[in-house]
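Report on the structure
For reference, the chains in residue letters:
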Amino acid sequence: MKKELILTAILAAVAATGCSSSQAPVQTQTQAETTEKAQEAVPEMPPKGQKGDKGNKPFYEGMGMAQTPDISELLTGSMDLADYKDKWVYNEDYDCYSLEYVVYCENPVDPVKECMNIYVPAAYMNADGTINETGEINGYTAQSAPIIYKNGVGGYAEADASKISDKTKEYLEQGYVFVSPASRGKETQSEDGSYIGKSPAGLVDLKAGVRFLKINDKVMAGDANKIISIGTSAGGAMSALLGTTGNSEDYKVYLEEIGAVMDSTDDVYAAQVYCPITDLDHADLAYEWMYADLPDYSNDMTGETGTATAFEQALSKEMSSAYAAYINGLGLKDPKTGEPLTLSDDGKSGSFYDYMVKETEDAATTYLTRLEDGSLSVSYSLDDYLKGNYTTSGKGPKGRGTEVAGTDLTGYLKWDGKTAEISDYDMYLSVSNPRMKKVMAFDNLEMTDNSAENMEFGDETNRYKHFDPYIADILENLKTQFPDEYETYMEAYGSVSGDKKVEESRELLNPMNYIGTDKQADTADHIRIRVGTEDGNTSLSVAAVLALALEDKTDSDVDYALVWAQPHGDADYEGELISWINSICK
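Residues numbered from 1 in each chain as written. Predicted model: local features only at pLDDT ≥ 70, side-chain atom pairs only at ≥ 80, totals over all residues. Heavy atoms only, no water.

**Quick word on the overall build of the chain**
Scanning the chain for helices and strands turns up 17 helices and 18 strands. The buried share of the chain, taken over its 586 residues, is 57%. The contacts in the chain between residues at least 6 apart in sequence include a share of 73% that link residues at least 24 apart. Of the accessible surface of the chain, which amounts to about 23700 Å², a share of 46% is contributed by carbon and sulfur atoms. (Helix = DSSP H or I, 4+ residues; strand = E, 2+ residues; numbered from the N terminus. Buried < 20%, exposed > 50% of the residue type's maximum accessible area, 1.4 Å probe, protein only. Contact = heavy atoms within 4.5 Å. Areas by Shrake-Rupley, 256 points an atom, 1.4 Å probe, with all protein chains shown as cover.)

Structural data, given as structure tokens:
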């Protein structure tokens with residue numbers, strides 16, 4: 001139903017706008033005109049309860065310069081960018097040429113969510129939409145410039161293609177091509193109300209976008225063999241997946257379904273992975289391993305605060321032990337010493353535990369060294385920082401725009417002038433990175449619209465589904481001690497093991513399944529992972545395990561680090577992402 005309506009609208013739009021390969025002059029447009037047009041094009045959402053209602057929007061929606069286009073704005077009908085060379089628009093504000101809302105597959109399920117915006121530095125293009133072979137920026141040319149492929153996924157929600165903005169203009173200034181792909185997500189619905197964006201739809205869309213860029217390498221500025229994926233949070237998970245599942249046959253049927261370019265490829269050259277919400281098979285176990293001794297939670301995003309019940313604390317303890325067994329079965333090694341990384345049965349000691357403490361200490365050492373040598377743009381001294389004698393801007397969706405007093409770190413953090421030492425890891429967590437989520441942080445006991453991951457694993461008719469493969473067995477262990485809770489939750493979690501669709505969806509969304517396994521996939525040459533030490537959205541161990549597996553079982557150049565005092569987001573020091581990109585592309 002929806003597909004027929006969409007295709008009818010597309011054909012009408014194409015007839016109205018044309019899909020010409022003539023060398024008409026490229027239009028000129030300022031940022032103000034672009035933004036005004038995009039805002040006018042945003043369709044009015046139906047009132048709650050009507051068909052198409054997607055409920056409460058996630059906190060990150062609307063941030064940046066992403067706008068949902070009207071279907072008449074889409075460029076569709078061809079997989080050859082040469083057919084759109086008269087559609088490039090010169091943007092005076094950012095000195096670039098833009099081609100916006102290009103549909104990147106031939107049979108889109110939802111073309112508004114399966115399109116991309118492309119921004120090319122003006123030096124690389126001529127006014128007629130052709131490539132300028134002689135233009136150069138920062139040592140790059142139209143043939144050698146890397147292509148930044150930055151997804152906007154958060155909370156496994158659908159993402160719109162973002163417009164170039166002050167936040168992303170540095171990519172152009174460095175001489176890179178910037179591409180922002182839209183993608184379906186957990187809440188995407190068709191006109192009949194069925195869900196069309198559940199796992200692995202978002203990843204499949206991003207793969208289709210990569211294939212589209214590669215097939216157009218000869219007619220578009222930028223080196224399609226130097227595509228660099230960037231993503232944050234669930235988008236970080238997507239970036240990790242793009243970097244680990246390249247060209248896997250597992251996604252072929254899904255790519256064919258949307259009309260992706262099948263005589264192209266979807267591996268990427270490099271992946272920047274920020275605070276990934278990934279390995280959802282074990283994310284709940286990992287979270288309870290990190291926070292098992294901290295029952296109090298406070299979630300700024302949902303407003304939930306409280307203390308875990310006796311049942312939840314017992315569940316947490318069992319999950320922490322299960323995570324220790326999982327870690328011990330991975331065969332992880334310390335990349336510097338080769339020492340096996342394992343956990344004790346209770347998870348509170350062992351070489352893996354020591355490794356995580358050391359990585360956190362290294363993050364503190366880097367920060368305190370920079371603070372002491374004056375290379376950080378802060379107003380406080382090192383001594384004042386450690387003692388909390390300062391104020392800073394609030395973090396998180398509710399803290400922005402507020403002034404927050406510093407925190408005394410001297411109870412757990414020691415500094416000898418060269419090296420930071422964390423004397424009590426649980427105190428570090430309690431003081432600087434407290435529990436944010438309730439027990440069952442991802443596969444929620446009570447599924448609601450705040451259950452992003454439960455929504456991701458729903459299907460065409462079910463908005464949410466349970467997906468954690470470990471909880472049924474753990475509930476069996478607690479049956480005698482908590483019979484009422486067993487009765488309440490066992491049937492739902494017990495159904496996970498027999499749900500083949502959930503099992504497949506979970507498998508396709510976990511990069512760990514493609515690292516050092518018998519699955520055939522191409523891994524990115526370079527993978528950079530950054531996570532803030534004040535990120536309570538998932539366990540710090542999740543990204544660490546991802547990095548350790550990549551280092552031990554692939555030939556990828558892996559650059560992993562925690563970043564001190566950074567929350568969930570693009571945890572990084574100023575300029576380091578750009579430095580990394582240049583180091584791997586020049």
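Still more to cover.
**Re the packing of aromatic side chains**
This model, assessed by the stated rule, comprises 23 aromatic pairs. Residues phenylalanine 311 and phenylalanine 482 carry aromatic rings whose centres are separated by 5.5 Å and whose planes lie at 65° to one another, so their mutual orientation is edge-to-face. With a gap of 171 residues between them, phenylalanine 311 in helix α8 (residues 310–328) and phenylalanine 482 in the loop between α13 (471–477) and α14 (483–494) connect regions that are remote in the sequence. Accessibility classification places phenylalanine 311 together with phenylalanine 482 in one group, the buried group. Between lysine 226 and the ring centre of tyrosine 269, over which it is positioned, the NZ or CZ distance is 4.7 Å. (Phe/Tyr/Trp six-rings, centres within 6.5 Å; stacked < 30°, edge-to-face > 60°. Lys NZ or Arg CZ within 6 Å of the ring centre and 35° of its normal.)

**Some words on the side chain of asparagine 510**
Tracing the chain through its elements places asparagine 510 in the loop between α15 (500–508) and β17 (526–532). A distance of 2.8 Å separates the side chain of asparagine 510 from the side chain of aspartate 279, its partner in a polar contact. Discounting residues that sit within four places of it in the chain, asparagine 510 has contacts with Leu241, Asp279 and Asp281. (Polar contact = N/O pair within 3.5 Å; in protein donor to acceptor, adjacent residues only side chain to side chain.)

**Observations regarding a negative patch on the surface**
A surface patch of like charges, here negative, comprises Glu92, Asp93, Asp166, Glu170, Glu173 and Glu574. If you trace the backbone, aspartate 93 turns up in the loop between β2 (89–91) and β3 (96–103). (Patch = residues over 30% accessible without salt bridge, like charges linked within 9 Å, V, L, I, M, F, W, Y side chains within 5 Å. Salt bridge = Lys/Arg side-chain N within 4 Å of Asp/Glu carboxyl O. Lys, Arg positive; Asp, Glu negative; His and termini not counted. Charge placed at Lys NZ, Arg CZ, Asp CG, Glu CD.)

**Quick word on the packing of helix α7 (residues 283–291) against α8**
Orientation of α7 relative to α8, taken along the N-to-C sense of each, is 105°, at an axis distance of 7 Å. By the criterion of interaxial angle, the relationship of α7 to α8 is roughly perpendicular. Between α7, through Asp284, Leu285, Ala286, Glu288 and Trp289, and α8, the contact on the second element is made entirely by Ser316, Met319, Ser320, Ala322 and Tyr323. A breakdown of the residues in the contact of α7 with α8 according to their chemical character gives 6 nonpolar, 2 polar and 2 charged. (Axes fitted to C-alpha atoms, helices over the stretch in contact; angles between N-to-C directions. Parallel < 35°, antiparallel > 145°, perpendicular 65-115°, else oblique. Nonpolar A, V, L, I, M, F, W, Y, C, P; charged D, E, K, R; others polar.)

**Details of the state of the cysteines**
Per the stated rule, a full pass over the model turns up 0 disulfides. For the unlinked cysteine cysteine 115, the closest cysteine sulfur is that of cysteine 105, found at 9.5 Å. The class of cysteine 115 is buried, set by a relative accessible area of 0%. (Disulfide = S-S within 2.5 Å.)

**Considerations on the side chain of lysine 214**
On the secondary structure map, lysine 214 appears in helix α4 (residues 201–215). Its relative accessible area of 15% is what places lysine 214 among the buried residues. A distance of 3.1 Å separates a polar atom in the side chain of lysine 214 from a polar atom in the side chain of threonine 265. The residues contacting lysine 214, other than those within four sequence positions of it, are Ala224, Ile227, Ser264, Thr265, Asp266 and Asp267.

**Digging into the packing of helix α9 (residues 351–373) against helix α16 (residues 540–553)**
Taken N-terminus to C-terminus, the directions of α9 and α16 make an angle of 105°; their axes are 11 Å apart at the nearest point. Here α9 is positioned roughly perpendicular relative to α16, judged by the angle of their axes. Between α9, through Phe352, Tyr355 and Met356, and α16, the contact on the second element is made entirely by Leu540, Ser541, Ala544, Val545 and Leu548. Considered class by class, the residues forming the contact of α9 with α16 number 7 nonpolar, 1 polar and no charged.

**Topic: α14**
Within α14, the full set of buried residues consists of Tyr486, Tyr489, Met490 and Tyr493. Projected down its long axis, α14 carries its buried residues within an arc of 125°, all on one side. Exposed and facing more than 90 degrees away from the buried side of α14 are Asp484, Glu487, Thr488 and Glu491. (Arc of directions from axis to C-beta.)

**Brief notes about the confidence of the model for the chain**
Mean pLDDT over the chain stands at 90; residues scoring 70 or higher make up 88%. Low pLDDT, under 50, characterises residues 1–26; the predicted model gives this stretch 51 contacts beyond four residues in sequence or across chains. Note that residues 30–64 has pLDDT below 50 and, in this model, 54 contacts with residues that lie over four places away or in other chains. (pLDDT = per-residue confidence, 0-100.)

**As for the nonpolar core**
If you look at soluble globular proteins, the nonpolar side chains tend to sit buried side by side. Core analysis: the largest hydrophobic core is formed by 171 residues, its most contacted members being Ile118, Tyr385 and Trp564. Formed by 7 residues, the second largest nonpolar core is a distinct cluster that contains Val103, Val112, Cys115 and Ala182. (Core = buried A, V, L, I, M, F, W, Y, C linked by side-chain atoms within 4.5 Å.)

**Some words on the environment of aspartate 346**
Within the secondary structure, aspartate 346 is located in the loop between α8 and α9. Spatially, the C-alpha atoms of aspartate 346 and glutamate 318 are 9.1 Å apart, while their sequence positions differ by 28 residues. A distance of 2.6 Å separates a polar atom in the side chain of aspartate 346 from a polar atom in the side chain of serine 344.

**Side note on the pattern of salt bridges**
Enumeration over the complete set of coordinates arrives at 25 salt bridges. Residue lysine 358 is joined to aspartate 362 by a salt bridge in which the shortest nitrogen-to-oxygen separation is 2.8 Å. In this pair, lysine 358 and aspartate 362 both sit in helix α9, 4 residues apart, roughly one turn of the helix. Notably, a salt bridge pairs aspartate 572 with arginine 528, separated by 2.7 Å at the nearest N-O pair. With a gap of 44 residues between them, aspartate 572 in the loop between β18 (557–563) and α17 (576–585) and arginine 528 in strand β17 connect regions that are remote in the sequence.

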